[in-house]
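Read off the chains here:
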Amino acid sequence: MNLGPSGFNNAPVTRVLVIACTLFTIIFGVRGRANQLGWSYQDIFQKLQIWKLIISAFTFSSTPELVFGLYLLYYFRVFERQIGSNKYSVFLLFSFVVSLLLEALALQLIKDPSLSILSGPYGLIFSSFVPFYLDIPISTRFRVLSLHFSDKTFIYLAGLQLLFSSWKRSIIPGLCGIIAGCLYRLNIFRIRRVKFPEFITSFFARLSLPSIGNTPPPAAPARNAPGNVPIFAGRQMEGNYPAPVSSTPEPPEDAIAMLVSMGFDRNSARQALIHSRNDINIATNVLLESQSH
């Protein structure tokens with residue numbers, strides 16, 4: 001699945017989250033404590049080891065889980081671009097808190113003293129599968145032998161790998177994350193209207209280090225200058241951006257509507273989809289980068 005060349009552009013919260021998960025996993029993995037960070041009901045409510053909740057939220061217990069987890073977190077940055085860093089921060093906090101409460105309730109109901117929750121941001125990752133399923137359209141379909149696949153299949157497979165990586169220890173936080181995503185989608189307590197003060201999201205933007213490969217491209221011709229075409233139409237599709245071809249079908253209405261809902265002009269959204277051969281992820285990157293000039 002091609003996500004375009006812009007990396008963490010316009011996704012500072014996701015960048016901080018990915019860096020934090022990587023550093024925490026490396027630090028505790030080197031010390032050999034990653035497998036000990038899973039928390040149980042007794043750890044929190046009897047031993048009062050609250051620190052485990054914070055550390056385990058950013059630490060994967062193994063290298064394969066780190067790879068699949070970071071891949072999904074990186075992909076889901078598209079939602080931060082769609083709703084903005086402020087509301088995306090609210091979504092992450094809501095998912096973390098609700099999934100955490102549900103996990104504690106599940107452990108209490110199961111009543112297995114030996115069962116502990118697997119460490120890692122599973123609540124954040126699996127809550128993102130709700131908007132992924134409902135809001136991200138399929139742009140490519142293909143068939144292998146007699147099996148049908150789409151460009152979303154690989155994301156689902158990565159999610160299944162995480163979900164069943166440690167059986168009960170990973171299934172419980174995964175399902176709790178999905179429930180948290182559904183509750184956010186249902187706008188419980190009108191959570192989708194909540195916003196943080198702007199200084200919080202600007203803090204993430206300042207905290208994030210510049211991404212490799214995110215160097216701004218050369219300035220485009222000035223808008224409305226004599227003899228120049230508009231900036232968007234004049235952008236040269238180089239590198240990872242496929243050039244438009246005459247055989248590209250008319251963009252589907254649901255793809256155009258999704259880009260318009262993100263705040264883009266309808267005509268610009270249509271042109272971006274044509275240039276990207278109806279790949280909505282590349283079209284989103286094109287529109288975001290064109291706005292930065």
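Residues numbered from 1 in each chain as written. Predicted model: local features only at pLDDT ≥ 70, side-chain atom pairs only at ≥ 80, totals over all residues. Heavy atoms only, no water.

> Let's hear about the overall build of the chain: which residues, and what values?
Within the chain, the regular secondary structure consists of 15 helices and 2 strands. A burial count over the chain gives 47% of its 293 residues as buried. A sequence separation of at least 24 residues applies to 77% of the contacts in the chain between residues at least 6 apart. For the chain, the accessible surface area stands at approximately 15500 Å², while carbon and sulfur atoms represent 63% of it. (Helix = DSSP H or I, 4+ residues; strand = E, 2+ residues; numbered from the N terminus. Buried < 20%, exposed > 50% of the residue type's maximum accessible area, 1.4 Å probe, protein only. Contact = heavy atoms within 4.5 Å. Areas by Shrake-Rupley, 256 points an atom, 1.4 Å probe, with all protein chains shown as cover.)

> With reference to specific residues and values, describe a nonpolar patch on the surface.
A cluster of nonpolar side chains, namely Tyr71, Phe142, Val144, Leu145, Phe154, Leu157, Leu160, Phe164 and Trp167, defines an oily patch on the protein surface of about 960 Å² accessible area. For the nonpolar patch, the secondary structure elements donating two or more residues are β1 (141-144) and α9 (153-163). Here the nonpolar patch gets 3 residues from one element, more than from any other, and that element is α9. Residue position: Leu145 is located in the loop between β1 and β2 (147-150). (Patch = residues over 30% accessible without salt bridge, like charges linked within 9 Å, V, L, I, M, F, W, Y side chains within 5 Å. Salt bridge = Lys/Arg side-chain N within 4 Å of Asp/Glu carboxyl O.)

> So what about the pairing of β2? Which residues, and what values?
Sheet topology places β1 next to β2; 4 bridges connect them, and they run antiparallel. When the sheet's bridge partners are listed, Phe142 is paired in β2 with Phe149. Here β1 folds back onto β2 in antiparallel fashion, the turn holding 2 residues, of which Leu145 has a positive phi close to 60°. (Pairing = 2+ DSSP bridges.)

> Residues and numbers for the UniProt feature "transmembrane region" (unreviewed entry) in the chain, please.
According to UniProt, the positions carrying the feature "transmembrane region" (unreviewed entry) are residues 12-30, 50-76, 88-110 and 170-186. End C-alpha to end C-alpha, residues 50-76 measures 28 Å, and it is 70% helix and 0% strand. Along residues 88-110, the helical share is 100% and the strand share 0%, with 32 Å between the first and last C-alpha atoms. (UniProt positions renumbered as here; feature names shortened; annotations may be inferred.)

> Which residues make up helix α10 (residues 168-185), and what values do they have?
In an α-helix, one full turn covers 3.6 residues, which means residues spaced three or four apart are oriented alike. The end-to-end C-alpha separation of α10 is 26 Å, in line with the 26 Å expected for 18 residues at 1.5 Å each. By the burial criterion, the buried members of α10 are Ser170, Ile171, Ile172, Pro173, Gly174, Cys176, Gly177, Ala180, Gly181 and Tyr184. Considering only its buried residues, α10 is in contact with α6 (85-110), α7 (122-127), α8 (129-135) and α9. Note on α10: the residue one or two positions beyond its end, Asn187, has a positive phi of about 60°. (Expected span 1.5 Å × (residues − 1).)

> I'd love a proper account of the environment of Pro131, names of residues and values included.
The residue Pro131 is located in helix α8 in this model. As a C-alpha pair, Pro131 and Tyr184 span 53 residues in sequence and 9.7 Å in three-dimensional space.

> Any details on the packing of aromatic side chains? Residues and values, ideally.
For the coordinates displayed, the defined rule picks out 18 aromatic pairs. For the ring pair Phe8 and Tyr74, a centre distance of 5.1 Å and an interplane angle of 85° mean the geometry is edge-to-face. With Phe8 in the segment before α1 (12-30) and Tyr74 in helix α4 (residues 63-75), this pair connects stretches of sequence that are 66 residues apart. Of the residues examined, Tyr74 reaches a relative accessible area of 23% and is grouped as partly exposed. Between the aromatic rings of Phe76 and Phe129, the centroid separation amounts to 5.2 Å while the plane-to-plane angle is 80°, which identifies the pairing as edge-to-face. Of this pair, Phe76 sits in the loop between α4 and α5 (77-83) while Phe129 sits in helix α8, and the two are 53 residues apart along the sequence. With respect to class, Phe76 is no different from Phe129; both count as buried. Site record: aromatic cluster; members linked through ring pairs are Phe60, Tyr75, Phe76, Phe79, Tyr122, Phe126, Phe129, Phe132 and Tyr156. A cation over a ring is seen here: Arg77 above Tyr74, with NZ or CZ 3.9 Å from the ring centre. (Phe/Tyr/Trp six-rings, centres within 6.5 Å; stacked < 30°, edge-to-face > 60°. Lys NZ or Arg CZ within 6 Å of the ring centre and 35° of its normal.)

> An account of the confidence of the model for the chain is needed here, citing residue identities and associated values.
In this model, the chain carries a mean pLDDT of 78, and residues with pLDDT of at least 70 account for 74%. Below pLDDT 50 for its whole length, residues 1-5 participates in 20 contacts with residues either more than four positions away or in separate chains. Contacts for the low-pLDDT stretch residues 211-245, under 50 throughout, to residues beyond four places or in other chains number 50 contacts. (pLDDT = per-residue confidence, 0-100.)

> Describe in detail the nonpolar core, supporting the description with residues and values.
If you look at the biggest cluster of nonpolar residues, it comprises 48 residues, and the most contacted ones within it are Leu72, Phe76, Ile125, Phe129, Phe132 and Leu259. Per element, the largest residue contribution to this core is 6 residues, and it comes from α6. Residues in contact with Phe129, not counting those within four places in the same chain, are Leu72, Phe76, Ile155, Tyr156 and Gly159. Of all hydrophobic cores here, the second largest spans 6 residues; its members include Ala106, Leu107, Ile117 and Ile172. (Core = buried A, V, L, I, M, F, W, Y, C linked by side-chain atoms within 4.5 Å.)

> With reference to specific residues and values, describe the environment of Val97.
Along the chain, Val97 falls in helix α6. Sequence-wise, Val97 and Gly123 are 26 residues apart; in three dimensions their C-alpha atoms are separated by 8.8 Å.

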